[in-house]
Amino acid sequence: MARILLKNITKRWGDFVAVDRQSLDIKDREFLVLLGPSGCGKTTTMRMIAGLEEPTAGEVWIGDRMVNDDLPKDRDVAMVFQNYGLYPHMSVFNNIAYPLKIRKSVPRSRIPELVNEAAERVELVPFLHRRPRELSGGQRQRVALARAIVREPQAFLMDEPLSNLDAKLRVTMRAELKHLSHELQITTVYVTHDQIEAMTLADRIGVMNEGKIRQLGTPDEIYNDPANIFVADFIGSPSMNLISGRVEGHQFVTVDRHELTRTAMGAMSQAVLGVRAEDIHVVAAGSGDVDGQVYAAENTGENVVLTLQLGGQRITCKEDRYIRFSIGETVGLKFDSNKNYLFDPSTGDRVRSPGN
Ligand code: ATP
C-alpha cells in the first residue's frame, strides 16, 4: 500500500503539452479518480505513474521511492484496462495466475490458493476452467480485476475499466468495484470521462482539462462547490445552467434585463450565474421571480426536464415526473437564493463573497 506523489509532472510531445506541471498527492488507500473530457491528459498522467510514459519533467513517487527511472515491472502497480488485456489461449485460472508465475514472487505451490482467493472475491470460481472468449464482458473484466488483485500491488491503476460494458452491466460492475475497493483498501487511481462513475467511486476527484487538474476535491465538493465554470459545466446532468448577465445591488440581472435572483455579491459588471436544474422550481406564471416559455419538455421517466426560453437564453430545470407541460406555455420560475454560484466570465473562476 502506498501514497503516490506527482511533483510538477509535465508531458510534452514536440510543442504539444499533454500534461502541464501537474502536482498531485494521492493518499495511501485513497481511491482517486481523474475525470475529464477526451484528450485532457488523464491517461497520460496514469501512464506516467505506471512507467509506460516518461515524464518530460517532474517526479513520480510511489511510497517512499522516486520511481522515474524504474521500469514498469519494478513499480509494483497493477493496471486494469478498458480492453481487459487477457490472454485468449489461457484459461481464466492461468490468466489470473500469470503475474504470479512470471514474477516468481510466491512459491508455485501457493498459486492455486491465491488464484482461488482472488477469483472468489470477484465471483469467478465457477469459470476458472473457461477461456476468455467463453465469458461475458463483465466476467472478462472481473478476470482482469482478479489478475490485478492476486498480485497484492502497492496500487491499482485503472483506465476506463468499465467503458466496454453495456450500460446495465456498467452499473452492476460499478457497485462491485465500489465494494471491492472498500474491502481491499489499496491505493487506486482510476481514469474515466464518466462523471457518474467518478462521483460514485471516488474518495476524491481530480477534474482535468487541457493537461491540468482544474479542481481536486471530494465528490460533494466538486458537485456542490465548483471552483470554476469548467467544473460547474462538466459535472451534473443536465449541465448546470450558466446564465450571462451582471449583478446590481445583490440582484442578478440577465443580459436582456430579467431579474432572476438575489446573490451574495454586491456589484459585478459582468457575471455568469450558475444554477443547477434541480434548484429552479416551476410555479404558476406571474408568481415566481421571472416568467419563461416552455421550449421543450422531456419526460425521462424519473422526472421531467424542462427547457425554458428566457429572452435570448435557455434555462433547464427538473420537475416532478407527474407534471405535464405544453410547448410554448408560459410558466413562472422560482430561484433559491442560497443555491447559486457566480463566476467571472473573463477568468472562468468562481467569485465568492467574503466568508463563502
Ligand atoms: P481519452 O479519454 O480520449 O482517453 P485522455 O484524457 O486520456 O483522453 P490522453 O490519452 O492522456 O487523453 O492524451 C492527451 C493528449 O495527448 C491528447 O491530445 C492526445 O492526442 C495526446 N497524445 C497522447 N499520446 C500521444 C503521443 N504518443 N504522441 C503525441 N500526442 C499524444
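Let us now look at the pattern of salt bridges. For the structure on display, the rule yields 18 salt bridges. Across the pair D25 and R3 runs a salt bridge, and its minimum N-O distance is 2.8 Å. Placement of D25 in strand β2 (residues 16–26) and of R3 in the segment before β1 (4–13) is noted, with a sequence separation of 22 residues between them. Relative accessible area serves as the criterion here: at 32%, D25 is assigned to the partly exposed category. Ionic pairing is found between R350 and D225, a salt bridge with its closest N-O pair at 2.8 Å. Linking R350 in strand β21 (residues 350–351) with D225 in the loop between α7 (219–224) and α8 (229–234), this pair joins segments that are 125 residues apart in sequence. Each member of the salt-bridge network shares a partner with another, and the members are R170, D194 and E197.

Packing of helix α2 (residues 92–103) against helix α4 (residues 137–149) leaves a shortest axis separation of 7 Å and a crossing angle of 30°. For the pair α2 and α4, the crossing hand works out as right-handed. Two secondary-structure elements touch here, α2 through V92, N95, I96 and P99 and α4 through V143, A146 and R147. Partitioning the contact of α2 with α4 into residue classes produces five nonpolar, one polar and one charged.

Once that is clear, we can look at the domain arrangement of the protein. Here the protein is described as being made up of domain 1 (4–233) and domain 2 (240–351). Domain 1 and domain 2 are separated by 39 Å when their C-alpha centres are compared. Taken together, the nine residues of domain 1 in the interface contact ten residues of domain 2. Carbon and sulfur atoms make up 51% of the area that domain 1 and domain 2 hide from each other, which totals about 890 Å². The three residues of domain 1 that bury the most area against domain 2 are Y223, I229 and A232, which together make up 55% of that side's buried surface. Between the two partners, domain 1 and domain 2, sit one salt bridge. Where domain 1 touches domain 2, the interface holds seven residue pairs in polar contact (both at pLDDT 80 or more). For the side of domain 1 that touches domain 2, the secondary structure elements donating two or more residues are α7 and α8.

Glancing now at the sheet that holds strand β3 (residues 31–35). Taken together, the six strands give an open sheet; going across it, the order is β6-β7-β8-β3-β9-β10, and neighbouring strands pair in mixed fashion. Looking at the sheet topology across the chains shown, the edges are occupied by β6 (77–81) and β10 (212–217). Direction aside, neighbouring strands of the sheet carry axes that sit 20° apart on average. Here five bridges tie strand β7 (residues 155–159) to strand β8 (residues 187–192), and the two strands are oriented parallel to one another. By the bridge assignment for β8, F156 is matched with T188. Against the sheet, helix α1 (residues 42–50) makes contact with β3, β6, β7, β8 and β9 (204–209), and its axis sits at roughly 150° relative to β8, the strand it touches most.

So, how was this worked out
Residues numbered from 1 in each chain as written. Predicted model: local features only at pLDDT ≥ 70, side-chain atom pairs only at ≥ 80, totals over all residues. Heavy atoms only, no water. Salt bridge = Lys/Arg side-chain N within 4 Å of Asp/Glu carboxyl O. Helix = DSSP H or I, 4+ residues; strand = E, 2+ residues; numbered from the N terminus. Buried < 20%, exposed > 50% of the residue type's maximum accessible area, 1.4 Å probe, protein only. Axes fitted to C-alpha atoms, helices over the stretch in contact; angles between N-to-C directions. Left-handed = near helix turned anticlockwise from the far one by under 90°. Contact = heavy atoms within 4.5 Å. Nonpolar A, V, L, I, M, F, W, Y, C, P; charged D, E, K, R; others polar. Domains from an automatic or database assignment. Buried area = accessible area lost by both parts, 1.4 Å probe. Polar contact = N/O pair within 3.5 Å; in protein donor to acceptor, adjacent residues only side chain to side chain. Pairing = 2+ DSSP bridges.

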